[in-house]
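# Close look at the chain arrangement
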Amino acid sequence: MTLKYLIQKEFLQIRRNSFLPRLIVMFPIVIMCVMPWVMSMEVKNIVVDVVDADRTTQSQQLVHAIEASNYFVFNGQKATYAEAMNDIETGRADVILEIRDGRYLIAANAVNGTKGSIGSAYLSQIVMDGRSPLASDIAPLTLYNKYQNYKLYMIPALLAIVMMLMTGFLPTLNIVGEKETGTIEQINVTPVSKWAFILAKLIPYWLIAFFVVTVSLLLAWLIYGITSVGSLWLVYLLAMLLALFFSSLGLIVSNYSDTMQQAMFVMWFFVVCLLLLSGLFTPTRSMPQWAYMTTYVNPMHYFIDAVRTVFIRGGNFHAIAHQVLALFAIGLLMGCWAVQSYKKNS
């Protein structure tokens, strides 16, 4: 019964806060409506200058293929390479294609490394397709995400970001806020056990996480027509395990912090590290070996890998059993640490 009243107290505090209820509702809406459009690794509108010294039928067909591509903006044919290079140096072009004596030279502006490297790869593919007589006989077979819709790839990862901020930062700010106002001392002098206190802080944010995931999945379906290929209960299971970790992490940080500013900086440090080393934006195998080793203790990595397996590939529980076990073990460890680090004066 004590736990029941403590949970009621938490929800009353959230409801009486003029900002938190709006944040809980608006945050997943903004994330799911805006981020899938802007968080894309696709590179488009690459401005291309062509220097065609051969003027052959094949070279003109290549120029027309560049003009017809959705990834390039054809900036016209230049008389000399120096003229095209001037466009690169002044920012009016991103890539140069020079055709001379049957040879092809691709020069890219590498100031923006991603745009330069991916733009060069796109252009190289067009050149190879135009030169190879077998190109028309080669067709890729895509098993998952058939139309290469990047939104389908990013929406499961955005769930991780929403969960991280909702269930990580809110419990942290909740407890530190009570420390600053002094209301937590009233709990400390009661016979409430540490486990009951910690669970009363965690359970409301697990329920909030359930609500946030539901809203995010509904928006993905209504706006983009994207639904999970695999079972939804697996998505919810993964989300709850991630919520266990981040809510526990938030409580641990709050237990060691005395001010809200201190708690925010510490949480932000951990959140950025976990996010950037999770494989959300770049493949983990592309990292240095020492950085790749951190993925073994990074719950964000396990969550993103598992939720993409379920959401995109339609994997079953057996396919993500390893990630589920890792998330549960890390979450349980963090939960015990949260209880142990809470100092209660009885």
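Look a little higher up for the structure.
About the thresholds
Residues numbered from 1 in each chain as written. Predicted model: local features only at pLDDT ≥ 70, side-chain atom pairs only at ≥ 80, totals over all residues. Heavy atoms only, no water. Axes fitted to C-alpha atoms, helices over the stretch in contact; angles between N-to-C directions. Helix = DSSP H or I, 4+ residues; strand = E, 2+ residues; numbered from the N terminus. Parallel < 35°, antiparallel > 145°, perpendicular 65-115°, else oblique. Left-handed = near helix turned anticlockwise from the far one by under 90°. Contact = heavy atoms within 4.5 Å. Nonpolar A, V, L, I, M, F, W, Y, C, P; charged D, E, K, R; others polar. Salt bridge = Lys/Arg side-chain N within 4 Å of Asp/Glu carboxyl O. Buried < 20%, exposed > 50% of the residue type's maximum accessible area, 1.4 Å probe, protein only. Core = buried A, V, L, I, M, F, W, Y, C linked by side-chain atoms within 4.5 Å. Patch = residues over 30% accessible without salt bridge, like charges linked within 9 Å, V, L, I, M, F, W, Y side chains within 5 Å. Areas by Shrake-Rupley, 256 points an atom, 1.4 Å probe, with all protein chains shown as cover. Expected span 1.5 Å × (residues − 1). Arc of directions from axis to C-beta. Pairing = 2+ DSSP bridges. Right-handed = clockwise from strand over helix to strand, strands pointing away. Phe/Tyr/Trp six-rings, centres within 6.5 Å; stacked < 30°, edge-to-face > 60°.

### Quick notes on the packing of helix α6 (residues 150–181) against helix α9 (residues 232–256)
Relative to each other, α6 and α9 sit at 30°, their axes nearing to 8 Å. Viewed along their axes, α6 and α9 adopt a mutual orientation that is roughly parallel. The interaxial crossing formed by α6 with α9 has right-handed handedness. Across the interface between the two elements, Leu 159, Ala 160, Met 163, Met 164, Thr 167, Gly 168, Pro 171, Thr 172, Ile 175, Val 176 and Lys 179 from α6 touch Val 235, Ala 239, Leu 242, Ala 243, Phe 246, Ser 247, Gly 250, Leu 251, Val 253, Ser 254, Asn 255 and Tyr 256 from α9. In terms of residue class, the contact of α6 with α9 is built from 15 nonpolar, 7 polar and 1 charged.

### Quick look at the pattern of salt bridges
Scanning the entire structure with this criterion turns up 3 salt bridges. Here Arg 92 and Asp 87 are joined by a salt bridge, their closest N and O atoms 2.8 Å apart. Owing to a relative accessible area of 45%, Arg 92 belongs among the partly exposed residues under this scheme. Relative accessible area serves as the criterion here: at 5%, Asp 87 is assigned to the buried category. Salt bridges here are not isolated pairs; linked through shared partners, they connect Lys 78, Asp 87 and Arg 92.

### With respect to the nonpolar core
With 82 residues, the main nonpolar core has Leu 238, Leu 242, Phe 246, Leu 249, Met 300, Phe 303 and Phe 311 as its most contacted residues. Those residues in contact with Phe 311 that sit more than four places away from it in its chain are Leu 152, Ile 155, Pro 156, Leu 217, Ile 226, Thr 227, Ser 228, Val 229, Gly 230 and Val 235. Listed in part, the 14 residues of the second largest apolar core include Val 43, Ile 66, Val 95 and Ile 126.

### Overview of a nonpolar patch on the surface
A surface patch of nonpolar side chains, amounting to about 640 Å² of accessible area, comprises Val 25, Met 26, Val 30, Val 34, Trp 37, Val 38 and Phe 211. The element best represented in the nonpolar patch is helix α2 (residues 20–38), accounting for 6 residues. Position of Met 26 among the secondary structure elements: in helix α2. Residue classification places Met 26 among the partly exposed residues on the basis of a relative accessible area of 43%.

### Focus: the packing of helix α12 (residues 299–313) against helix α13 (residues 321–341)
Contact geometry for α12 and α13: axes closest at 9 Å, N-to-C directions at 150°. Our classification of the angle between α12 and α13 gives roughly antiparallel. Crossing geometry of α12 relative to α13 is assigned as left-handed. Packed against α12, whose contacting residues are Pro 299, Tyr 302, Phe 303, Asp 305 and Ala 306, the element α13 presents His 322, Gln 323, Ala 326, Leu 327 and Ile 330 at the interface. Looking at the contact of α12 with α13 residue by residue, the class counts come to 7 nonpolar, 2 polar and 1 charged.

### Quick look at the environment of Ile 226
Considering the arrangement of structural elements, one finds Ile 226 in the loop between α8 (194–224) and α9. With a relative accessible area of 6%, Ile 226 lands in the buried category. For Ile 226 and Ile 312, which are 86 residues apart along the polypeptide, the C-alpha to C-alpha distance reads 9.8 Å. Setting aside residues no more than four positions away along its own chain, Ile 226 makes contact with Asn 149, Lys 151, Leu 152, Ile 155, Ala 220, Trp 221 and Phe 311.

### Here's the deal with helix α3 (residues 57–68)
The end-to-end C-alpha distance of α3, which contains 12 residues, comes to 17 Å, matching closely the 16 Å that a straight helix rising 1.5 Å per residue would cover. Considered for burial, the residues of α3 that qualify are Ser 59, Leu 62, Val 63 and Ile 66. Within α3, the buried residues cover an arc of 100° as seen down the axis, which keeps them to one side. Exposed residues on α3 whose side chains face more than 90 degrees from its buried face are Thr 57, Gln 61 and Ala 68.

### Remarks on the pairing of strand β1 (residues 46–52)
Of all 7 residues that make up β1, 7 are buried, and the element is covered over most of its length. Side chains of β1 alternate between two faces, with Ile 46, Val 48, Val 50 and Asp 52 and Val 47, Asp 49 and Val 51 buried alike. Direction of pairing for β1 relative to strand β2 (residues 72–77): parallel, over a ladder of 4 bridges. The residue bridging Val 47 from the neighbouring strand is Val 73, located in β2. Running through α3, the crossover from β1 to the neighbouring parallel element β2 is right-handed. Alignment of β1 against strand β3 (residues 95–100), held across 5 bridges, turns out to be parallel. Bridged to Asp 49 within β3 is Ile 96.

### As for the packing of aromatic side chains
Two numbers describe a pair of aromatic rings. These are the distance of the centres and the angle of the planes. For the structure shown, the criterion picks out 8 aromatic pairs. Ring centres 5.0 Å apart and planes at 75° place the aromatic pair Phe 245 and Phe 246 in the edge-to-face group. Taken individually, Phe 245 and Phe 246 each receive the classification buried, so the pair is uniform in this respect. Relative to Tyr 296, the ring of Tyr 292 has its centre 5.8 Å away and its plane inclined at 75°; by these criteria the two rings are edge-to-face.

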